[in-house]
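Here's the letter readout for the chains.
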Amino acid sequence: MKRLFTFGCSFTNYGWPTWADIVSQDYDCYENWGEVGGGNKFIHSSLIECNQRNNITADDTVMVMWSSQAREDRFLRGKWHTQGSVYNSDYSQEFIEKFTDTTGYLLDTVTYMQSSYHILNAIGCEKHFFSMIPMSISD
């Protein structure tokens, strides 16, 4: 059985078909773990959870559409809160000035990407990483 697991933000899972839904037609089993507003912390955490729940194997395919960097994903009271870019949200200017840093967001993103790559590489599955915007753009 050919299984496909996809991860990302609204570019991956939205109210209408996305690239993931189109690609999934070539697979017997498909799980879309994308979330509107999801950032790279959410994506990485979802990949870990998916592997725990589904035991991803060398026979599976995993596709990840990495999101923009400046996203403040939070898991609170049993659910993910994915509001999208901190620079295009309800966060106050004071929060942005005190707690955001484009270099810090890039370091987090690279860490999530490298960790995900090594996890999937150890499993031996087919893997594809994409990015919704160039990594040189912080938001």
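Residues numbered from 1 in each chain as written. Predicted model: local features only at pLDDT ≥ 70, side-chain atom pairs only at ≥ 80, totals over all residues. Heavy atoms only, no water.

Concerning the pairing of strand E3 (residues 61-66)
- Burial analysis of E3 places six of its six residues in the buried class, the great majority of the element.
- Side chains Thr61, Met63 and Met65 of E3 all project onto a buried face; the interleaved residues Val62, Val64 and Trp66 project onto the opposite face, where all are buried too.
- By the bridge criterion, four bridges tie strand E1 (residues 3-7) to E3 in an arrangement that is parallel. Within E3, the residue paired with Thr6 across the bridge is Met63.
- Bridge analysis of E3 against strand E6 (residues 126-131) gives six bridges, and the strand direction is parallel. If you follow Met63 over to E6, its bridge partner there is His128. (Buried < 20%, exposed > 50% of the residue type's maximum accessible area, 1.4 Å probe, protein only. Helix = DSSP H or I, 4+ residues; strand = E, 2+ residues; numbered from the N terminus. Pairing = 2+ DSSP bridges.)

Regarding the sheet that holds E3
- Ordered by their spatial adjacency, four strands build an open sheet running E2-E1-E3-E6, and the pairing between neighbours is parallel. Looking at strand neighbours, the two that pair on one side only are strand E2 (29-32) and E6, the edges of this open sheet. Here the strands of the sheet are splayed against their neighbours by 10° on average, with no regard to which way each runs.
- The sheet contacts of helix H2 (residues 40-54) involve E1, E2 and E3, and relative to E1 the element is tilted by about 155°. (Axes fitted to C-alpha atoms, helices over the stretch in contact; angles between N-to-C directions. Contact = heavy atoms within 4.5 Å.)

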